[in-house]
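Breakdown of the fold
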Amino acid sequence: WTCPPGFVVTAKPGAAGLPACAPDPADCGTGPFGSIAPGPGVVFVDQKAAPGGDGSVGKPFDTIEAAGPKIDIGGTVALAAGTYGVQLTIPDPLTIRGRCAAMVTILADTGNTAIRVQGRAKKGNVWLDGLTLAGTRYGLTVTGGYTVQGRRLYIREVKGVGVLATGAL
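Residue indices follow the written sequence of each chain, beginning from 1 at its first position. Only residues with pLDDT of at least 70 are given local features in this predicted model, and only at 80 or more are side-chain atom pairs given and counted; all residues enter the totals for whole chains, interfaces and linings. Heavy atoms from the whole structure form the basis of all side-chain values; hydrogens and water molecules are not counted.

Structural notes on unusual backbone geometry
The following threshold applies: Buried, partly exposed and exposed residues are distinguished by accessible area as a fraction of the type maximum, computed with a 1.4 Å probe on protein chains only: under 20%, between the cut-offs, and over 50%, respectively. Secondary structure elements follow DSSP: runs of H or I of four or more residues count as helices, runs of E of two or more count as strands, with numbering from the N terminus.
Backbone geometry at Arg-152 places phi at a positive 55°, although glycine is not the residue there. Relative accessible area serves as the criterion here: at 22%, Arg-152 is assigned to the partly exposed category. Despite not being glycine, Glu-157 shows a phi value in the positive range, around 50°. Its place among the elements puts Glu-157 in the loop between β12 (148–156) and β13 (163–166).

Put into structure tokens, the structure is as follows:
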């Protein structure tokens, strides 16, 4: 048993005697956004930024909610290190990239799920990368016809199931 890229084996074995995995801090890169580069459709968010940013690397938004109106369908939200206390609902194709799962957490401080993808699939998919999802009941829920792809995701401290996918709307 080996952990996937972006994760390391912890010293304690899991319930089945296999080693448990945890996000690898070495996967985080340098700078507030690690290896996420500016480009068309990329909006940057850093909870340590001053309010009133424009979504650029130099002046990122301070909350995901502030970035919302500036995110294009099919665009990318780049998250700097931090814990974002929000329940995200994603109705359109979108990419959410965190600096790395060891440093970026989306925590559903209210509601049932950290990230909810719902709606009829439009052109494109939802991509999640370099995130820890923590929620009161679910880490990720998918409802409708979307394809959701994840890489370097860590789901922890949920009281229900990590991922819940249900049928089409």
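Right, picking up where we left off after that structure.
Quick notes on the state of the cysteines
This is how the line gets drawn: Count a disulfide wherever a pair of cysteine sulfur atoms falls within 2.5 Å.
Across all of its chains, the model carries one disulfide by this definition. Here Cys-28 engages in a disulfide with Cys-100; their sulfurs sit 1.9 Å apart. Classification of the bridge connecting Cys-28 and Cys-100 rests on its S-S torsion, roughly 70°, and on that basis the disulfide is right-handed. Taken together, the residues span a long stretch of sequence, with Cys-28 in the loop between β2 (19–23) and β3 (42–45) and Cys-100 in the loop between β7 (94–98) and β8 (104–107) at a distance of 72 residues. Neither Cys-28 nor Cys-100 differs from the other in exposure class; each is buried.

Quick look at the pattern of salt bridges
Two side chains that carry opposite charge are able to pair once their charged atoms sit near each other. Under the convention used in this document: Within this document, salt bridges are pairs made up of a side-chain nitrogen of Lys or Arg and a carboxyl oxygen of Asp or Glu, the two lying within 4 Å of each other.
For the coordinates displayed, the defined rule picks out four salt bridges. In this structure, the salt-bridge partner of Asp-27 is Arg-152, at a minimum N-O distance of 3.1 Å. Residue Asp-27 is located in the loop between β2 and β3, and its partner Arg-152 is located in strand β12; the two are separated by 125 residues in the primary sequence. The partner of Asp-129 in a salt bridge is Arg-151, and the shortest N-O contact between them spans 3.0 Å. Taken together, the residues Asp-129 in strand β10 (residues 126–134) and Arg-151 in strand β12 connect sequence positions 22 residues apart. Classification of Asp-129 as buried rests on a relative accessible area of 11%. Through salt bridges with shared partners, a single ionic network connects Arg-97, Asp-129 and Arg-151.

Focus: the layout of surface pockets
Condition: Cavity: a set of points on a 1 Å grid over the protein atoms alone where a 1.4 Å probe fits but cannot get out. Pocket: an open set with protein on both sides within 12 Å along at least five of seven lines, its lining residues, like those of a cavity, having an atom within 4 Å of a point. Grid points are joined across faces, edges and corners, and a volume is the space filled by probe spheres set on the points. Ten residue types, Ala, Val, Leu, Ile, Met, Phe, Trp, Tyr, Cys and Pro, are classed as nonpolar, four, Asp, Glu, Lys and Arg, as charged, and the remainder, Gly among them, as polar.
Considered as a void within the structure, the largest pocket measures approximately 270 Å³ in volume. Surrounding the largest pocket, 17 residues form its lining, Gly-68, Ile-71, Thr-89, Pro-91 and Leu-94 being those nearest its centre. With three residues, strand β6 (residues 88–90) is the single largest residue contributor to the lining of the largest pocket. By residue class, the composition of the lining of the largest pocket is 11 nonpolar, three polar and three charged.

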